[in-house]
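Summary of structural features
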Amino acid sequence: MFRPLALFIGLRYTKAKRKNGFISFISLISMIGLTLGVAVLITVLSVMNGFDKELKSKILGMVPQATVSSYDIIADWQPLAKQIQDDNKEVQAVAPFIHLQGMLTSEGQVSGVMVTGIDPAYEKQVSIIDEHMLAGSLDDLKEGEFGIVLGESMAISLGLQLGDKVTLVLPEASPSAAGVIPRFKRFTLVGVFRISNEVDSAMGFVQMRDAGVMLRLPEGAQGLRMKLSDIFVAPQVAQKAASLDAGNLIPGDWTNTHGNLFSAIRMEKAMIGLLLFLIVIVAAFNIVSSLVMLVTDKKSDIAILKTFGASPKLVMQTFMVQGMIIGVIGTVLGTVLGVTLALTVNDILILISRTFGVSLFDGSVYFGMDYLPSQVQFADVALIVIASFLLSFLMTIYPAYKAAKIQPAQTLRYE
């Protein structure tokens, strides 16, 4: 008496055993399909969020997020770095750098490398390199000692161990009495880091003044790199920093070097999300099938209700309640299952790996990740739940409308 009549009758129909067991089976399949669709969608999107986060922390933790560089050497870079940080609240730290490209040779092995001259004290504030050292330290890069820090892959390919000598050859030539000879210098390996195969095999670090000596540059830095609180404002921050000396400073940011990678990840997430959402749509369409068959099975009950004075609106609401019950239960169960899987998917894969003795992830392939990252985002879960509820509601309209159109006299004529 205290509940809406449509809700009361709809719940009674849901709890009651049906004469046609096939209808109950279709309703159960609809609910299970919706549960699995929602769970898979939440789990997969959470894993993709995890990959996106890990890539940003690893790749954008190594490459400059925003930079200003100069055609000439920036001799007095400390005041400029302080002014950049003071003028931009998004800038967390600033560090100087000098870039040079060349080849490393050792024991007959040759490998191309991008070398960055750094000041270790400042570099620790803008890069994750110091957190991923396997041996040695950035502090071992001391001016005048010509030490070098390399990635694990590079060190292995060149057959190097800590303390070994390696020759850095620059693509520049110097005239001499014997003719034109390339410019080169012997360095000592003082540190090894491991981040990902792509980074480890391509990057090296030396003391900034040692890099300047190699390039025959005066004291100073070629440019300044910045660490930002929000990487998506990098273009604006770089432009603002460059405007401090518009005629001399050139802005740069991560979107120029790695923007395509993260654009591809966002597009892939959108496409996979759309494809998996089709599973939810198919499951929701099953609600239409089960309700249409239920309306056919309950024609006489509907006719009797109308004979007792039930309005078409009441009949329509009654069957919409039944459809929404399937949608609500399926969505809630799917959300709980999906969030649980998203939070434990890495543990599940570890268990599978140990049980069957197989390695599911190779760190050298997946940017140094030998695990499956996952990050549950409330916005994604909320969007999936709302879309599932809305679809479930829409799918009840047609069967409920057909039930409301049933004529008592025609239905009960042969009863």
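Quantities reported herein were computed from a predicted structural model and do not represent experimental measurements.

Basis of the calculations
- Starting afresh in each chain, residues are numbered from 1 along the sequence in its written order.
- Predicted model: local features are reported for residues with pLDDT of at least 70 only, side-chain atom pairs are reported and counted for 80 or more only, and whole-chain, interface and lining totals are derived from all residues.
- Side-chain figures throughout are based on the complete set of non-hydrogen atoms in the structure, without hydrogens or water.
- Segments assigned H or I by DSSP are reported as helices when at least four residues long, segments assigned E as strands when at least two residues long, and all are numbered from the N terminus.
- Whether a residue is buried, partly exposed or exposed follows from its accessible area with a 1.4 Å probe, protein chains only, as a fraction of its type maximum: under 20%, in between, or over 50%, in that order.
- Throughout, a residue-residue contact means that at least one pair of heavy atoms, one from each residue, lies within 4.5 Å.
- Shrake-Rupley sampling with a 1.4 Å probe provides the accessible areas, and residues are treated as covered by the protein chains on show and by no other component.
- In this description, a line fitted to the C-alpha atoms serves as the axis of each element, helices being fitted only across the stretch in contact, and the angle between N-to-C directions of two axes falls anywhere from 0 to 180 degrees.
- With respect to orientation, any angle under 35 degrees is reported as roughly parallel, any angle over 145 as roughly antiparallel, any angle of 65 to 115 as roughly perpendicular, and every other angle as oblique.
- We call a crossing left-handed when the near helix sits turned anticlockwise from the far one by less than a right angle, and right-handed when that turn is clockwise.
- Whenever Lys or Arg places a side-chain nitrogen within 4 Å of a carboxyl oxygen from Asp or Glu, that contact is recorded as a salt bridge.
- Within this analysis, the arc is defined by the directions that extend from the helix axis to the C-beta atoms.
- Patch membership requires more than 30% relative accessible area and the absence of a salt bridge. Residues of like charge join within 9 Å; the nonpolar side chains Val, Leu, Ile, Met, Phe, Trp and Tyr join within 5 Å.
- Should DSSP find at least two bridges between two strands, the strands are taken to pair.
- Any two of the Phe, Tyr and Trp rings considered here, Trp counted by its six-membered ring, make a pair once their centres fall within 6.5 Å; the pair's planes then place it as stacked at under 30 degrees, edge-to-face at over 60, or tilted in between.

Each helix and strand in the protein chain was counted, giving 13 helices and 10 strands. Counting all 415 residues of the protein chain, 45% fall into the buried class. In the protein chain, once contacts between residues fewer than 6 apart in sequence are set aside, the share between residues at least 24 apart is 80%. Surface accessibility of the protein chain: about 21,300 Å² in total, with carbon and sulfur atoms responsible for 62%.

Look at helix α11 (residues 312-356) against helix α12 (residues 378-404): their axes get within 8 Å of each other, and the N-to-C directions meet at 155°. Judged by the angle between their axes, α11 and α12 are roughly antiparallel. Judged by the sense of rotation from one axis to the other, the crossing of α11 with α12 is right-handed. Between α11 and α12, the residues in contact are P312, V315, M316, F319, M320, G323, M324, G327, V328, T331, T335 and V339 and V381, V385, S388, F389, S392, F393, T396, I397, A400, Y401, A403 and A404, respectively.

So, on to unusual backbone geometry. A positive phi angle, near 50°, is found at E107, a position not held by glycine. With respect to the secondary-structure elements, E107 resides in the loop between β2 (91-106) and β3 (109-118). Taking the relative accessible area as the measure of exposure, E107 reaches 76% and is therefore exposed. Positive phi, close to 60°, is recorded for R216, a residue that is not glycine. Position of R216 among the secondary structure elements: in the loop between α7 (208-214) and β9 (221-228).

Turning next to the pattern of salt bridges. Inspection of the entire model under this criterion finds five salt bridges. The partner of E152 in a salt bridge is R194, and the shortest N-O contact between them spans 3.5 Å. Of this pair, E152 sits in helix α5 (residues 152-157) while R194 sits in the loop between β7 (179-193) and α6 (197-200), and the two are 42 residues apart along the sequence. Taking relative accessible area as the criterion, E152 reaches 24% and is therefore assigned partly exposed.

The subject of this paragraph is helix α8 (residues 234-242). Residues of α8 that are buried: A234, V237, A238, A241 and A242. For α8, the arc enclosing every buried residue in end-on projection is 130°, short of the 170-degree limit, so these residues lie on one face. Within α8, the exposed residues directed more than 90 degrees away from the buried face are Q236 and Q239.

Below, the discussion takes up the environment of M133. Tracing the backbone through its elements, the reader meets M133 in strand β4 (residues 133-136). A relative accessible area of 16% means that M133 is categorised as buried. With sequence-adjacent residues up to four places away left out, M133 is seen in contact with L138, V149, G191, V192 and F193.

Let us look at a nonpolar patch on the surface. Side chains of F25, L28, I29, I32, L36 and L337 sit close together on the surface and give an oily, nonpolar patch of about 510 Å² of accessible area. Topologically, L28 is positioned in helix α2 (residues 21-59). Owing to a relative accessible area of 45%, L28 belongs among the partly exposed residues under this scheme.

Right, let's get into the pairing of strand β5 (residues 147-151). Within β5, five of the five residues are buried, leaving the element largely enclosed by the surrounding structure. Residues G147, V149 and G151 of β5 are buried on one face, and the alternating residues I148 and L150, pointing to the opposite face, are buried as well. Inspection of the sheet shows β5 paired to strand β8 (residues 203-207) by three bridges, in the antiparallel sense. If you follow I148 over to β8, its bridge partner there is V206.

This part covers the packing of aromatic side chains. Inspection of the entire model under this criterion finds four aromatic pairs. Aromatic pair F193 and F205: ring centres 5.9 Å apart, planes at 65°, arrangement edge-to-face. Taken together, the positions of F193 in strand β7 and F205 in strand β8 put the pair 12 residues apart, joining distant regions of the chain. A relative accessible area of 0% means that F193 is categorised as buried. On the accessibility criterion, F205 (1% relative accessible area) is buried. On the numbers, 6.1 Å between centres and 75° between planes, the contact of F232 with W254 is edge-to-face. Of the two residues, F232 sits in the loop between β9 and α8 while W254 sits in helix α9 (residues 254-297), which places them 22 residues apart along the sequence. On the basis of relative accessible area, F232 is assigned to the partly exposed category, the value being 46%.

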